[in-house]
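Close look at the chain arrangement
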Amino acid sequence: MTRGILIILSGPSGVGKGTVRQVLFEHQELGLHYSISMTTRKPRPGEVDGRDYFFVDQQTFEKTIAEDGFLEYATFVSHSYGTPKAYVEKLLEEGKNVLLEIEMQGALQVMKKCPDALSIFLLPPSLEELERRIRHRGTEAEEVIRQRMETARKEMNMKDHYQYQVVNQTVEQASNEIAAIILKNMKK
Ligand code: 5GP
């Protein structure tokens, strides 16, 4: 069986990756599966353990590192995030396409380990618009917003490491563009 495609979707915090991802999953023809990450961050209102993330304590996270259980992991604004390796590998072997929605440092690790991975960077129309979107979400304290904007500025400089850059003007346009990129690569 043909191995599935590993797809990395990154972009600054608040750019709308989560929403674009949800719409992408409505495209049945892409055969997408989502890799649920492990994080030491606390759940936001509405987030569900085992659906949005596996919410764990630092000790559990470190144990997984020690057991070589991550495909990649990184620290992002004082919290740890990682992609559990075994599940992703199993899906790819079954010929399924797996989407990782991860930040830059982790994405670079995956690009190195898996040169065949497809990498896509989602850009905001502008940094001003990005800040507006983060504030609009209303879940973060002022200091966290400041840190996330600072990280976002640095992350924007990394966009050229990705094979594709897509501007998120609207969720529909961005998800359609990404769907077209994935389809093109499935036919290769
Ligand atoms: P948030 O706290 O807003 O859910 O996520 C913060 C950042 O961590 C986002 O850019 C998100 O894509 C990224 N992220 C989520 N899961 C993982 C993961 O498993 N590994 C890495 N490296 N980044 C992740």
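Residues numbered from 1 in each chain as written. Predicted model: local features only at pLDDT ≥ 70, side-chain atom pairs only at ≥ 80, totals over all residues. Heavy atoms only, no water.

**Digging into the site of the ligand**
Near the ligand lie 16 residues; those nearest to it are S37, R41, Y53, Y81 and E103. The contact in question runs from an oxygen atom of the ligand to an N or O atom on the side chain of S37, over 2.6 Å. A distance of 2.5 Å separates an oxygen atom of the ligand from a polar side-chain atom of Y81. For the ligand, whose unbound accessible area comes to 520 Å², protein coverage reaches 96%. At the level of secondary structure, the elements contributing two or more residues to the shell around the ligand comprise β5 (70-76) and β6 (79-84). Its residues placed into classes, the shell around the ligand shows five nonpolar, four polar and seven charged. (Near = heavy atom within 4 Å. Polar contact = N/O pair within 3.5 Å; in protein donor to acceptor, adjacent residues only side chain to side chain. Areas by Shrake-Rupley, 256 points an atom, 1.4 Å probe, with all protein chains shown as cover. Helix = DSSP H or I, 4+ residues; strand = E, 2+ residues; numbered from the N terminus. Nonpolar A, V, L, I, M, F, W, Y, C, P; charged D, E, K, R; others polar.)

**Quick word on the sheet that holds strand β2 (residues 32-34)**
Taken together, five strands build an open sheet; the order of strands is β2-β7-β1-β8-β9 and the sheet is parallel. Edge strands, defined here as strands with exactly one partner in the open sheet, are β2 and β9 (164-167). Averaged over all neighbouring strand pairs, the angle between strand axes comes to 30 degrees, with direction disregarded. Relative to strand β7 (residues 97-101), strand β1 (residues 6-10) is paired through four bridges, and the arrangement is parallel. Counted as the bridge partner of I8 is L100 from β7. Sitting on the sheet, helix α7 (residues 171-186) touches β1, β2, β7, β8 (118-123) and β9, and the angle it makes with β9 is about 160 degrees. (Pairing = 2+ DSSP bridges. Axes fitted to C-alpha atoms, helices over the stretch in contact; angles between N-to-C directions. Contact = heavy atoms within 4.5 Å.)

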